[in-house]
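# What the coordinates show
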Amino acid sequence: MKNWKLTLPLGLVALAVLTMWAHPALADKLADAIASAPTGTGPGQIDPAAPKGFLGIPGAPQVNLILAFCWAVWVGWIFSTVGAFGGVMAGVGHITVYGLGNYAKSFKSTAPSLNKFITDSIRVSNQCLVGLSALISSFNYWKMGRLVLPLAVSLGAGSIAGSWLSVTLSQGKVSFSAYQGYFGLFVLLLGVYLFWGTTAAAQASKKKAKEAAKAFEETVKRQKGGEQIDTKALGVHVTGIALTRVSFTFYGVEFSFNPLIPFVGGIVIAAVAAFLGVGGGFLLVPFLTNVAQLPMYLAAGTSALAVLVGMITSITTFMSGGVAIHWHLIGIELIGIVLGSVIGPRTSKYIPDIWLKRLFIVLALYVGSRYVLRGFFGISI
């Protein structure tokens, strides 16, 4: 971790090398997809004389970069605060806020290959934002003692296989309408599940998580009162590692898990996340809080590191397969992600554990319902 500052530059250099290596394939695939669309000025047509927009396509939406920056700050904040929903919010931005969803959908009948090409670009663009936020958030939470490293490693190891398999099987085969519908369905089901998790019956099984969350919140109150406390010393400390059991403490409360369970969970979660073009935190956080019984204060950082591993795998697989990225847009968004991701971990400790969960649920129910209706039934709300 001492050389963490080298991680981002080296990652960007590697990504740039991959981009240059894959550039001819990207250009050819995009040119072929554009050429498949009929020429004209109507929906589902390409007007060669129109100004170039997203991906350099004539007539495509031209995203307002100030709006993109502000939305990216929100994406970085929400992901770094709860360890999830960054990819979902990035998707909402690319699909709805920037208008790329309706544009991709317009080619459903006239140029299916262009429809799927734009869909894949949206998927990998979402993941670029989440990947950077996950990198920053992981380090910040590790410094705060709020990251369970062995658990994140187990999840991350499984996510490598899940991400690669999902992208390989789905790239270039998913229409935008199907993508939007499944995107919404998974998020909606998640919201329902999380709502159940706040009921008395579900809360009764989370005694340790509530005990740890209470101890953490009381410590924060003492700090705000002026008391000097070494929170790093109270943070995560691994007390035992074995093939079938890892134990650790957090604010005096002991937890344990079987590393084989998160490994399998990582495979499934990463596969779903890569298909949807998101980070997977919206599935990892429920896994960590309900299956691993962690408080939200630990779920965010642990989820972030697991997401980072999956994002590296997924983005690399997408780009090596010829998916293009609109770098001007992504560059501005990544700056916003940095700002939001730095703010998130520093503000989350002032938000009660239950309110973080409620924020998560409200977003899941709204986004899920909206996209299910729009993707599968063509109904806008």
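Residues numbered from 1 in each chain as written. Predicted model: local features only at pLDDT ≥ 70, side-chain atom pairs only at ≥ 80, totals over all residues. Heavy atoms only, no water.

## Looking at the overall build of the chain
Broken down by element type, the chain carries 15 helices and three strands. Considering only contacts within the chain whose residues lie at least 6 apart along the sequence, 77% involve residues at least 24 apart. Total accessible area on the chain is roughly 16,200 Å²; 69% of this is exposed by carbon and sulfur atoms. (Helix = DSSP H or I, 4+ residues; strand = E, 2+ residues; numbered from the N terminus. Contact = heavy atoms within 4.5 Å. Areas by Shrake-Rupley, 256 points an atom, 1.4 Å probe, with all protein chains shown as cover.)

## Focus on a nonpolar patch on the surface
Taken together, Tyr182, Leu185, Leu189, Phe376, Phe377 and Ile379 make up a surface patch of nonpolar side chains, about 580 Å² in accessible area. Contributing elements (two or more residues each) for the nonpolar patch: α7 (176–197) and α15 (353–377). Broken down by element, the residue count for the nonpolar patch peaks at three residues, all from α7. Tracing the backbone through its elements, the reader meets Leu185 in helix α7. By relative accessible area, Leu185 is classed as partly exposed at 32%. (Patch = residues over 30% accessible without salt bridge, like charges linked within 9 Å, V, L, I, M, F, W, Y side chains within 5 Å. Salt bridge = Lys/Arg side-chain N within 4 Å of Asp/Glu carboxyl O. Buried < 20%, exposed > 50% of the residue type's maximum accessible area, 1.4 Å probe, protein only.)

## Focus: the packing of aromatic side chains
For any pair of aromatic rings, the description rests on two quantities: the centre-to-centre distance and the angle between the ring planes. A full pass over the atoms with the stated rule returns 11 aromatic pairs. Both rings, one in Phe250 and one in Tyr251, keep their centres 4.7 Å apart while their planes meet at 65 degrees; by these two values the pair is edge-to-face. Of the two residues examined, Phe250 and Tyr251, each falls in the buried class. Put simply, the rings of Phe176, Tyr179, Phe183 and Tyr371 touch in pairs and so form one group of aromatic residues. (Phe/Tyr/Trp six-rings, centres within 6.5 Å; stacked < 30°, edge-to-face > 60°.)

## Points about the environment of Pro345
Mapped onto the secondary structure, Pro345 falls in helix α14 (residues 327–348). The exposure class of Pro345 is buried, given its relative accessible area of 0%. Discounting chain neighbours no more than four positions away, the residues touching Pro345 are Ser80, Asn140, Tyr141, Met144 and Arg146.

## Here we look at the pairing of strand β1 (residues 237–241)
Sheet topology note: the β1/strand β2 (residues 246–250) ladder contains four bridges and is antiparallel. By the bridge assignment for β2, Gly240 is matched with Ser247. Hairpin geometry of β1 and β2 is characterised by an intervening segment of four residues between the two adjacent antiparallel strands. (Pairing = 2+ DSSP bridges.)

## Quick word on the packing of helix α3 (residues 86–97) against helix α5 (residues 112–143)
Closest axis-to-axis distance for the α3/α5 pair is 9 Å, and the angle between their directions is 135 degrees. Taken together, the axis directions place α3 and α5 in an arrangement best described as oblique. Where α3 crosses over α5, the two elements pack in a sense that is right-handed. Contacts between α3 and α5 involve Gly86, Gly87, Ala90, Gly91, His94 and Ile95 from the former and Ile122, Ser125, Asn126, Leu129 and Val130 from the latter. (Axes fitted to C-alpha atoms, helices over the stretch in contact; angles between N-to-C directions. Parallel < 35°, antiparallel > 145°, perpendicular 65-115°, else oblique. Left-handed = near helix turned anticlockwise from the far one by under 90°.)

## Some remarks on the environment of Val342
Within the secondary structure layout, Val342 lies in helix α14. For Val342, a relative accessible area of 34% translates into the label partly exposed. For the pair Val342 and Ser133, spaced 209 residues apart in sequence, the C-alpha separation works out to 8.7 Å. In this view, Val342 contacts Ile136 and Asn140; residues no more than four positions away in its chain are not counted.

## Comments concerning the side chain of Asp120
With respect to the secondary-structure elements, Asp120 resides in helix α5. Once residues lying within four places of it in the same chain are set aside, the contact partners of Asp120 are Gln171, Gly172, Phe318 and Val323.

## Details of the sheet that holds β1
One open sheet accounts for three strands, arranged β1-β2-β3; its pairing is antiparallel. A strand with exactly one partner marks an edge of an open sheet, and here the two such strands are β1 and β3 (253–257). Neighbour to neighbour, the strand axes of the sheet diverge by 20 degrees on average, direction disregarded. Here five bridges tie β2 to β3, and the two strands are oriented antiparallel to one another. By the bridge assignment, Phe250 is partnered in β3 with Val253.

## Side note on the side chain of Ser163
Along the polypeptide, Ser163 turns up in helix α6 (residues 149–170). In this view, Ser163 contacts Ala270, Ala271, Ala274, Gly310, Thr313 and Ser314; residues no more than four positions away in its chain are not counted.

## Details of the pattern of salt bridges
For the structure shown, the criterion picks out one salt bridge. Close ionic contact of Arg123 with Asp120 constitutes a salt bridge, the shortest N to O distance being 2.9 Å. Of this pair, Arg123 and Asp120 both sit in helix α5, three residues apart, which is roughly one turn of the helix. Asp120 matches Arg123 in its accessibility class, with the two residues each being buried.

## Digging into helix α13 (residues 296–320)
Helix length check: α13 (25 residues) gives 35 Å between terminal C-alpha atoms against 36 Å at 1.5 Å per residue, within 8%. Of all the 25 residues making up α13, 21 are buried; the element is thus mostly covered by neighbouring parts of the structure. Gly322, located one to two residues past α13, shows a positive phi value of around 100 degrees. (Expected span 1.5 Å × (residues − 1).)

## Digging into unusual backbone geometry
Positive phi, close to 60 degrees, is recorded for Leu55, a residue that is not glycine. The backbone of Tyr251 sits at a positive phi, close to 50 degrees, despite the residue not being glycine. Relative to the elements of secondary structure, Tyr251 occurs in the loop between β2 and β3.

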